[in-house]
Amino acid sequence: VEDEDGGVLFLYSSSSSSSSSSSTFGFANNLQNQRQRLPVYKRKDAILFLVENYATTIIVGETGSGKTTQIPQYLNEGGWSDDGHVIACTQPRRLAVQSVASRVAEEMGVKLGEEVGYVIRFEDVTTPGVTRVKFLTDGVLLREMMDDPLLSKYSVIMVDEAHERSISTDVVLGLLKKIQRRRPELRLIISSATIEAKSIASFFRPSKKHRGAGDDVVPKREPAIISAEGRGFTVGINYVQEPVADYLQAAVSTVMLIHKQQAAGDILVFLTGQDDIDAAAQLLNEEAQSSDRSTGGLLVLPLYSGLSRADQARILSSSVTLQDLVFSPTPRGKRKVIISTNIAETSLTLEGIVYVVDSGFSKQRFYDPISDIENLVVAPISKASARQRAGRAGRVRPGKCYRLYTEEYFVNEMPAEGIPEMQRSNLVSCVIQLKALGIDNILGFDWPASPSPEAMIRALEILYSLGVLDDDAKLTSPTGFQVAEIPLDPMLSKAMLASGELGCSEEMLTIAAALSVQSIWISIRGAQKQLDEARLRFAAAEVSPSAPLYSPMLRTQGDHVTFLNVYKGFLQSGKSSKWCHKNFVNYHAMKKVLETREQLKRTAQRLGIILKSCDKDMQAVRKAITAGFFANACHIEPYTHEGKFKTVRTSEDVYIHPSSVLFRVNPKWVVYHSLVSTDRRYMRNVVTIDPAWLVEVAPHYYQYQGPGSLNR
Ligand code: ADP
Ligand code: MG
């Protein structure tokens, strides 16, 4: 079918799909049968035809139709990985990258990391020269462009989950459009779970003046759109009569009601993040245990990105990971309840779901360029998301969706579409990467969704203050290029560079690695006090390997120094998991810290940063941190007794987070690593500083702020 406004090819499938029963999962021959029953299988030849003939192919298909797991395999079978070429498939989320790669390796009967591999930040599970199908986050693809601007090793790049409009996806799309002009043989596939595809198609359509001439060349430049839609089963929608006061409690009661009253079938609950998911899981487990036998048989499984293997093993007290359980068939006589973030909305396919409970909320990033504060807040989802969530109930047979909001709210108040992340994020990392790729005119860059000028200007200002950009907004040499190359937030990268000059780079490597894991502590509900005590034992300014280990009498200088002490203790224990357990330290997180540190060390060496330890001179460490994070300086309000601080730059009220070792210590001057907002704005990962350093490390910046701001 020809699209009226020109040249878009639609190939709609009218066939419906019959989904496979998950009970056959796990046997190789059945895996192949399963593959052939997926809706995309019927479109295999059409997809290969379009990829051959069109530079860009857009594929729309509902979640579970086989886009992510099948299309890279079709391309592989179709010869796109011959002659040493690699097929790439990007995902916005790390957990999805790992999960999908291992599924595809299993389907192809190969070992993960050989023909099929994946790369996420600080974790490369590929073998150069062997890996033909590679899954990676779009953030990693952006980084790869710094070494190989035309991404020359890839024959096809599939940008998956494009409807999510994550910030990296949008930047990748903008850059791929540029690369395509230089590499006509490169093929792009953009896949999406919704018809959002249309706006992406118009983004990739060549402008009028380029059209016409050479319309018959292959590959054709206007994008092709193909739909691999299999009809899902109908999903009955139920709304609450009155708005609910507490969506968590409402979700738990709804699950219990379904369990008591409805026929067999698994339940998928959409909440927002680790906190409410863990809380709901605990409540459900308690309910299931305390009630009579009719409510037994619930298998409660949390699912969120930060879920580490250690936590999984702890929750299950076995070596089976949650991920295995989430994807494996439900045991006889049991009913799975998977409580998830919006990762299960489209990124991961779960079999056997018949009931969906939708809280109507998700965690979303919001950025205020004026105060330069970025928050993850619980916010209402869009109608498009609500429909996706409901759709998860109709995979195997007709299902039911329970919306914990009123119909009136859905119809009249819920926004139709979400706002692309690009328009609600801090753009510092994005701008520095574009600059490093030689894109100087950032404001004129061809974005799929234009970012706000205020956010753009703020990002340029911050990079200028870090000495990364010069007066002409070009990357400085060498600082700018070095900061861009270190795979960390620019402020932390700057601290890394400064540590080379201040003779404490070994320490900064450890700190950077520790900041890049979710948390180095084990949190156990109900053991908060013991955890706090454990933390304080490591908080002392310095630890001598002999007697007065972690004496709380020693002055506490902050969370970064604490990381160093934990790391030291961990090494001294011979990297013992027993030691970790005793000290409330997360063993798996520490292993990750070691790995990440090794990778950062290689980058540092490549950049010529002098590797040196300052031994016990924590002043050097704190000064290096200040050199990166001076914009996050705060001083305490002297006349209040509640630990209130003011940010130097904007005079905002902030407090030290209760998880910080400086909580209640309230030193005069600090810099923080990040802010979180709940009832108040809390600083996380805080270190004490001497205000004189601010002028020393950033004279331009603090002059900027006008006199007086440092001398209150
Ligand atoms: P899409 O990308 O279109 O949403 P996928 O390719 O992710 O679809 O999934 C296709 C099918 O593959 C699913 O319906 C499911 O049956 C199966 N599948 C995908 N991932 C897994 C997994 N980790 N374990 C078991 N089955 C899986
Ligand atoms: Mg997918």
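On a predicted model such as this, the values are computed, not experimentally measured, just so you know.

### A look at the sheet that holds strand S19 (residues 644-647)
The five strands lie next to each other as S18-S19-S20-S22-S21, forming a closed barrel whose pairing is mixed. Pairs of neighbouring strands in the sheet enclose a mean axial angle of 50°, with direction left out of account. Taken together, the three bridges between strand S18 (residues 633-636) and strand S21 (residues 669-677) define a ladder with antiparallel strand orientation. Among the inter-strand pairings, alanine 633 is bridged to a residue of S21, identified as valine 671. Against the sheet, helix H24 (residues 618-629) makes contact with S21 and strand S22 (681-688), and its axis sits at roughly 55° relative to S21, the strand it touches most.

### Focus on the sheet that holds strand S12 (residues 298-303)
Taken in spatial order, the six strands make up an open sheet running S10-S17-S14-S11-S13-S12, and their pairing is parallel. Each having just a single partner strand, strand S10 (235-239) and S12 make up the two edges of the open sheet. Direction aside, the axes of adjacent strands within the sheet are offset by 20° on average. Contacts from helix H9 (residues 274-290) reach strand S11 (266-270), S12 and strand S13 (335-340) within the one sheet, and its direction differs from that of S12 by about 175°.

### Describing helix H21 (residues 559-572)
When the terminal C-alpha atoms of H21 are compared, their 20 Å separation across 14 residues agrees well with the 20 Å that a helix rising 1.5 Å per residue should span. When H21 is considered as a whole, its buried residues turn out to be Asp559, His560, Val561, Thr562, Phe563, Leu564, Val566, Tyr567, Gly569 and Phe570. Where H21 is buried, its residues contact helix H19 (505-515), helix H20 (528-537), helix H22 (577-582), helix H23 (587-606), H24 and S22. Positive phi shows up at glycine 574, right after H21, with a value of about 75°.

### Comments concerning the pairing of strand S16 (residues 373-380)
Direction of pairing for strand S15 (residues 361-368) relative to S16: antiparallel, over a ladder of eight bridges. The partner of phenylalanine 361 across the bridge, within S16, is proline 380. The hairpin turn running from S15 into S16, its antiparallel successor, is four residues long, and aspartate 372 in that turn takes a positive phi close to 60°.

### Remarks on the environment of tyrosine 587
Inspection of the secondary structure puts tyrosine 587 in helix H23. Taking the C-beta count within 10 Å as the criterion, tyrosine 587 has 19 such neighbours and is therefore assigned partly exposed.

What counts and what doesn't
- Residues numbered from 1 in each chain as written.
- Chains lettered and ligands numbered in written order.
- Predicted model: local features only at pLDDT ≥ 70, side-chain atom pairs only at ≥ 80, totals over all residues.
- Pairing = 2+ DSSP bridges.
- Helix = DSSP H or I, 4+ residues; strand = E, 2+ residues; numbered from the N terminus.
- Axes fitted to C-alpha atoms, helices over the stretch in contact; angles between N-to-C directions.
- Contact = placed C-beta atoms within 7 Å.
- Expected span 1.5 Å × (residues − 1).
- Buried ≥ 20, exposed ≤ 12 C-beta atoms within 10 Å, placed from the backbone.

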